[in-house]
Amino acid sequence: MIEPINPEQNPLDDLHQWEEDLLARYPHPENKKGKEFRNYNAEVRPCVKNFYQLNHENQTFEFVQKKRQEFLKFNQRKMGIWEAAEFLNNLVDDSDPDIDLPQIDHLFQTSEAIRKDGHPDWFVLTGFIHDLGKILCLFGEPQWAVVGDTFPVGCAFSDKIVFPEFFANNPDSKNPEYSTELGIYQKGCGLDQVFMSWGHDEYLYHVVKDFLPEEALYIIRYHSFYPGHREGEYDFLMNDHDREMFRWVRKFNPYDLYTKCTNQINRDEIRPYYDDLIRKYFPSELNW
Ligand SMILES: [Fe+2]
Ligand SMILES: [Fe+2]
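Participant: Sorry if this is basic, but what is going on with the overall build of the chain here?
Facilitator: Regarding its fold elements, the chain presents twelve helices and two strands. Each helix and strand of the chain, placed in order from N terminus to C terminus, yields the pattern α-α-α-α-β-α-α-α-α-α-α-α-α-β. For the chain, whose C-alpha radius of gyration is 18 Å, the value lies close to the compact-globule estimate of 19 Å for 288 residues. Its C-alpha atoms give the chain principal-axis dimensions of about 55 × 40 × 35 Å. Burial status across the chain gives 39% buried among its 288 residues. When contacts within the chain are restricted to residue pairs at least 6 apart in sequence, those whose partners lie at least 24 apart make up 77%.

Participant: Honestly, the confidence of the model for the chain in this entry has me stumped. Any pointers?
Facilitator: Low-pLDDT portions of the prediction should not be read for the details of their coordinates. In the predicted model, the chain carries a mean pLDDT of 92, and the fraction of residues at 70 or more is 93%. Low pLDDT (under 50) marks residues 95-99, which in the prediction has three contacts with non-local residues, meaning those over four places away or in another chain.

Participant: Got a minute to help me understand the packing of helix α1 (residues 16-25) against helix α3 (residues 46-58) in this structure?
Facilitator: The axes of two packed helices give the description: the angle between them and the distance between them. α3 packs onto α1 with a crossing angle of 100° between their chain directions and a minimal axis gap of 10 Å. With respect to α3, the axis of α1 lies roughly perpendicular. Touching Q17, W18 and D21 of α1 are C47, V48 and F51, all from α3. Taken together, the residues of the contact of α1 with α3 sort by class into four nonpolar, one polar and one charged.

Participant: Where do I start with unusual backbone geometry in this structure?
Facilitator: Generally, phi is negative for residues other than glycine and the peptide bonds are trans, each holding for most cases. At F163, a position not held by glycine, the phi torsion is positive, near 50°. Even without being a glycine, Y234 presents a positive backbone phi close to 65°. Relative to the helices and strands, Y234 resides in the loop between α10 (226-229) and α11 (240-257). You can call Y234 buried: it has 23 C-beta atoms within 10 Å.

Participant: Can you walk me through α11 in this structure?
Facilitator: Helix length check: α11 (18 residues) gives 26 Å between terminal C-alpha atoms against 26 Å at 1.5 Å per residue, within 8%. In the structure, α11 departs most strongly from a straight axis at F246, where the bend amounts to approximately 25°. All of the buried residues along α11 are D242, F246, W248, V249, F252, Y255 and D256. Buried residues in α11 make contact with α6 (103-116), α7 (121-129), α9 (214-222) and α10.

Participant: Is there a simple way to explain the environment of I278 in this structure?
Facilitator: Note on placement: I278 falls in helix α12 (residues 267-281). When neighbours within four sequence positions are excluded, I278 is seen to be in contact with I81 and W82.

Participant: How do you make sense of the packing of α9 against α11 when you look at a structure like this?
Facilitator: The N-to-C vectors of α9 and α11 enclose an angle of 60°; their axes lie 8 Å apart at closest approach. The angle between the axes of α9 and α11 places the two elements in the oblique class. Crossing hand, α9 versus α11: right-handed. Between α9 and α11, the contacting residues are E214, E215, Y218, I219 and Y222 on the first element and M245, F246, W248, V249 and F252 on the second. Of the residues in the contact of α9 with α11, the class split is eight nonpolar, no polar and two charged.

What counts and how
- Residues numbered from 1 in each chain as written.
- Chains lettered and ligands numbered in written order.
- Predicted model: local features only at pLDDT ≥ 70, side-chain atom pairs only at ≥ 80, totals over all residues.
- Helix = DSSP H or I, 4+ residues; strand = E, 2+ residues; numbered from the N terminus.
- Rg over C-alpha atoms; globule rule 2.2 N^0.38 Å.
- Buried ≥ 20, exposed ≤ 12 C-beta atoms within 10 Å, placed from the backbone.
- Contact = placed C-beta atoms within 7 Å.
- pLDDT = per-residue confidence, 0-100.
- Axes fitted to C-alpha atoms, helices over the stretch in contact; angles between N-to-C directions.
- Parallel < 35°, antiparallel > 145°, perpendicular 65-115°, else oblique.
- Nonpolar A, V, L, I, M, F, W, Y, C, P; charged D, E, K, R; others polar.
- Expected span 1.5 Å × (residues − 1).
- Bend = angle between axes of the 7 residues up to and from the residue.
- Left-handed = near helix turned anticlockwise from the far one by under 90°.

Structural data, given as structure tokens:
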């Protein structure tokens, strides 16, 4: 029996701790050698483990509906893309300043790596904005409702989700409607019919969905769906179009995970390129 944790806690020092943990779970292929036999579960920091526990205990179907009602009214504020990026930077990391760069640097490192590889401009832009949904934290949301691997709710939780044992305290695990493999869904219904656990991915998808190509929207909406794009779970909820689009989600993932240690980027130098790119796709203000 695992004792539930108070859901108001924010166990992570900063949001990057979850991403650092992803790197431990999914190391870069070149860094993997000799580490195959490491026991990932034994090495996870206690605060990160607590974070997963909170996430798994509280992401219920009902919670997701509540958050959708609250945030998909988009009545928090009006902001342009730059303003949102600067606002996100208020989430200052208070752990090791040498390792943890401000949020905006992660966005630039991701997008600049995509640009260097000669990908289409919408892909670069997607890299730049993909984590802007983390501003949910600045609207007072707890860490477990902003970051963390995402997964479908309304059907059984996959045992390939990190620390699946923590779902024992999620009330949906005991709900007969939600705890069969398909739950409330039809086989092959397509991910658009599926409710995902609530967080920065789903929120940003809804904020930007009228302005970007579909491939970009898939990346934004499912980039934290590690059980799907890395573990191959929940294929029975996907249709062929999802599978096709997930090629882009998978293409994006290494840029998100493995570009974090590169040199500091000269923001002033690249700013004009991004100004034009943002103007090409977005209005001057969006509803958040
Ligand atoms: Fe993210
Ligand atoms: Fe990211």
